[in-house]
Amino acid sequence: MGPHPAVAAIRLAVRRVLHDILTDHHSTTDAASHERPPSPLVLVACSGGADSMALASALAFEAPKLGIRAGGVTVDHGLQPGSDLRADEVVLRLRELGLDPVQATTVTVGREGGPEAAARDARYAALDAAADRHGAAAVLLGHTRDDQAETVLLGLARGSGTRSLSGMAAVSGAGGRYRRPFLQLDRQTARKACMAQSLPVWDDPHNTDPAYTRSRLRHEGLPALEKALGKGVVEALARTAQLSRDDADALDAWAGQAEAAVRDNTGLLECAKLYALPPAVRRRVLRRAAIEAGAPAGSLFARHIEEIDRLITGWRGQGAINLPGKVVAQRQGGRLVIRQG
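Residues numbered from 1 in each chain as written. Predicted model: local features only at pLDDT ≥ 70, side-chain atom pairs only at ≥ 80, totals over all residues. Heavy atoms only, no water.

*Asks:* What's the story with the packing of aromatic side chains in this structure? I'm lost.
*Replies:* For any pair of aromatic rings, geometry is given as the distance between the ring centres together with the angle between the planes. In total, this model carries 1 aromatic pair according to the counting rule given. With a centroid separation of 5.2 Å and an interplanar angle of 90 degrees, the aromatic rings of Tyr-124 and Tyr-178 are classed as edge-to-face. Of this pair, Tyr-124 sits in helix α4 (residues 115-134) while Tyr-178 sits in strand β6 (residues 178-179); the two residues are 54 residues apart in sequence, bridging distant segments of the chain. The ring of Phe-61 has Arg-11 lying over it, and the distance from NZ or CZ to the ring centre is 3.5 Å. (Phe/Tyr/Trp six-rings, centres within 6.5 Å; stacked < 30°, edge-to-face > 60°. Helix = DSSP H or I, 4+ residues; strand = E, 2+ residues; numbered from the N terminus. Lys NZ or Arg CZ within 6 Å of the ring centre and 35° of its normal.)

*Asks:* In this structure, what is going on with helix α8 (residues 213-229)? I would like to understand it.
*Replies:* Structurally, the α-helix is built with 3.6 residues per turn, so residues lying three or four positions apart point the same way. At His-219, α8 is bent by approximately 30 degrees, the largest bend along its length, and proline Pro-223 sits one to four residues beyond. The inward-facing, buried residues of α8 abut α5 (145-157), α7 (187-196) and α9 (233-261). Gly-230 sits one or two positions beyond α8 and adopts a positive phi of about 95 degrees. (Bend = angle between axes of the 7 residues up to and from the residue. Contact = heavy atoms within 4.5 Å.)

*Asks:* I tried to follow the pattern of salt bridges on my own but got confused; where do I start?
*Replies:* Opposite charge on two side chains lets them pair, provided their charged atoms get close. If you walk through the whole model with that rule in mind, you get 24 salt bridges. In this structure, Glu-62 and Lys-65 form a salt bridge, with 3.4 Å as the shortest nitrogen-oxygen distance. Given the relative accessible area of 54%, Lys-65 is considered exposed. When the shortest N-O distance is used, the salt bridge between Arg-263 and Glu-259 registers 2.8 Å. (Salt bridge = Lys/Arg side-chain N within 4 Å of Asp/Glu carboxyl O. Buried < 20%, exposed > 50% of the residue type's maximum accessible area, 1.4 Å probe, protein only.)

*Asks:* For this particular structure, what's the right way to read unusual backbone geometry?
*Replies:* Leaving glycine aside, a negative phi is the common case for residues, and trans is the common case for peptide bonds. A cis amide bond links Asp-100 to the next residue, Pro-101, at an omega of 10 degrees. Unusually for a residue other than glycine, Ser-198 sits at a positive phi of about 55 degrees. Assignment of secondary structure puts Ser-198 in the loop between α7 and α8. We note that Lys-326 has phi near 60 degrees; this positive angle belongs to a residue other than glycine. Relative to the helices and strands, Lys-326 resides in the loop between β8 (321-323) and β9 (327-332).

*Asks:* I would appreciate a short explanation of the sheet that holds strand β10 (residues 335-340) in the present structure.
*Replies:* Pairing between the strands of a sheet comes from backbone hydrogen bonds, and it takes one of two forms, parallel or antiparallel. Overall, antiparallel pairing links the 4 strands, which are arranged β7-β10-β9-β8 in an open sheet. Lying at the two open borders of the sheet, with one neighbouring strand each, are β7 (269-270) and β8. Across the sheet, helix α11 (residues 279-292) touches β7, β8, β9 and β10, and the angle it forms with β10 is around 35 degrees. (Pairing = 2+ DSSP bridges. Axes fitted to C-alpha atoms, helices over the stretch in contact; angles between N-to-C directions.)

*Asks:* Help me understand the pairing of strand β3 (residues 102-106) in this model?
*Replies:* Taken residue by residue, a regular strand's side chains alternate between the two faces of the sheet. Where strand β2 (residues 69-76) and β3 come together, 5 bridges link them in parallel fashion. Residue pairing for β3: Gly-72 is matched across the bridge by Val-102. Crossover connection from β2 via helix α3 (residues 83-96) to parallel β3: handedness right-handed. (Right-handed = clockwise from strand over helix to strand, strands pointing away.)

*Asks:* In this structure, what is going on with the environment of Arg-288? I would like to understand it.
*Replies:* Among the structural elements, Arg-288 can be located in helix α11. For Arg-288, the contacting residues outside a window of four places in its chain are Asp-252, Gly-256 and Glu-259. At 3.0 Å, the side chain of Arg-288 and the side chain of Glu-259 are in polar contact. (Polar contact = N/O pair within 3.5 Å; in protein donor to acceptor, adjacent residues only side chain to side chain.)

*Asks:* What exactly am I supposed to notice about the nonpolar core here?
*Replies:* As a rule of thumb, nonpolar side chains are buried together in soluble globular proteins. Leu-18, Leu-59, Leu-99, Leu-140 and Phe-182 are the most contacted members of the largest nonpolar core, which totals 36 residues. Of all the secondary structure elements, the ones that give two or more residues to this core are α1 (5-28), β1 (41-45), α2 (50-62), α3, β4 (138-140) and α7. Tallying contributions element by element places α1 first for this core, with 9 residues. Residues within four places of Phe-182 in sequence aside, it is in contact with Ile-10, Ala-13, Val-14, Asp-51, Ala-54, Leu-55, Gly-142, His-143, Thr-144 and Arg-145. The next biggest cluster of nonpolar side chains, apart from the first, holds 26 residues, and it includes Ala-290, Ala-295, Ile-305 and Ile-338. (Core = buried A, V, L, I, M, F, W, Y, C linked by side-chain atoms within 4.5 Å.)

*Asks:* How should the packing of α1 against α2 be read in this particular structure?
*Replies:* Helix-helix packing is described using two parameters, namely the angle between the two axes and the distance between the axes. The interhelical angle for the contact between α1 and α2, taken along N-to-C directions, is 60 degrees, at an axis separation of 9 Å. In terms of their interaxial angle, α1 and α2 are classed as oblique. Crossing angle aside, the handedness with which α1 passes α2 is right-handed. Only Ala-54, Leu-55, Ser-57, Ala-58, Leu-59, Phe-61 and Glu-62 of α2 make contact with α1, whose side of the interface consists of Ile-10, Arg-11, Val-14, Arg-15 and Leu-18. (Parallel < 35°, antiparallel > 145°, perpendicular 65-115°, else oblique. Left-handed = near helix turned anticlockwise from the far one by under 90°.)

*Asks:* I'm lost on the layout of surface pockets in this one. Help?
*Replies:* Space left empty within the atom packing is revealed by a probe, the size of a water molecule, rolled over the atoms. Taken as a whole, the second largest pocket encloses approximately 490 Å³ of empty space. Taken together, 25 residues make up the lining of the second largest pocket; nearest its centre are Ala-170, Arg-180, Pro-181, Leu-183 and Gln-184. Contributing elements (two or more residues each) for the lining of the second largest pocket: α1, α5 and α9. Partitioning the lining of the second largest pocket into residue classes produces 13 nonpolar, 4 polar and 8 charged. (1 Å grid on protein atoms, 1.4 Å probe; cavity = no way out; pocket = protein on both sides within 12 Å on 5 of 7 lines; lining within 4 Å. Points joined across faces, edges and corners; volume = space filled by probe spheres on them. Nonpolar A, V, L, I, M, F, W, Y, C, P; charged D, E, K, R; others polar.)

This is how it looks when you write it as structure tokens:
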């Protein structure tokens, strides 16, 4: 008898990603070298919750069969009493699965961007540091199709553009460091896999705390949508994310090609040539120019780009526009100048 269907599903998803990681690893190895390349190390980011414990178990099962070393990292955000003890428990569980190396790392969560964003920034910084320290080829994250649907809805509520609606990428980070094998699997599959393997899991109380936007969306918003629209909302939102990502990638590539053509021989952007571009392409060019001038990407919102765009499409002699990062955009003699103020 084979494994439980949920266990089989998570293992297949992880196996596919590990094959991709192995291919990437071999392609970066010196082809002229006759020495056998070292086995790559893959880490799993594990909170102790059902999604990440299911991921850790699948990694522990699949990695040895492919000659891949498997380890784990758990991040203690220090936001709840006893969080250090829970981190120690996760480390123990990962070691019991056979993962090595395994570490717990403690972070200090700031306040910039709100509690959820600050915790996320601190977590990824810790994961980057752990991957660098151990020389890991990749870090696996347990985001599911449900997480993807929530991310799309959060982007929609902010009035974000196509890139934000594309949700989380299956591969992201510097050099494709972060991999998300479960984006096509629902949250219940991961939980069933843990139950089938008698894996203990920890349910973070923050995930049910209505003080957090994502928690309200998970427990109130999505159920209300499914009640009004019927089942299949999560799958539809995840599919929207993939379609949006394809569109955003194409528009970004177009903007990259168009940018050189709309600059004069001194490198300044020509307003007439910008005006001739489709709005979606033009605004991408403007965003890239603002970031290049020093505006932080995370602080540059759609309203900022719209204000710059009006210097092109609604020019009535308006003055300079102040952007994040002390960057200024202004129109001068038919040219758009974006620079530090």
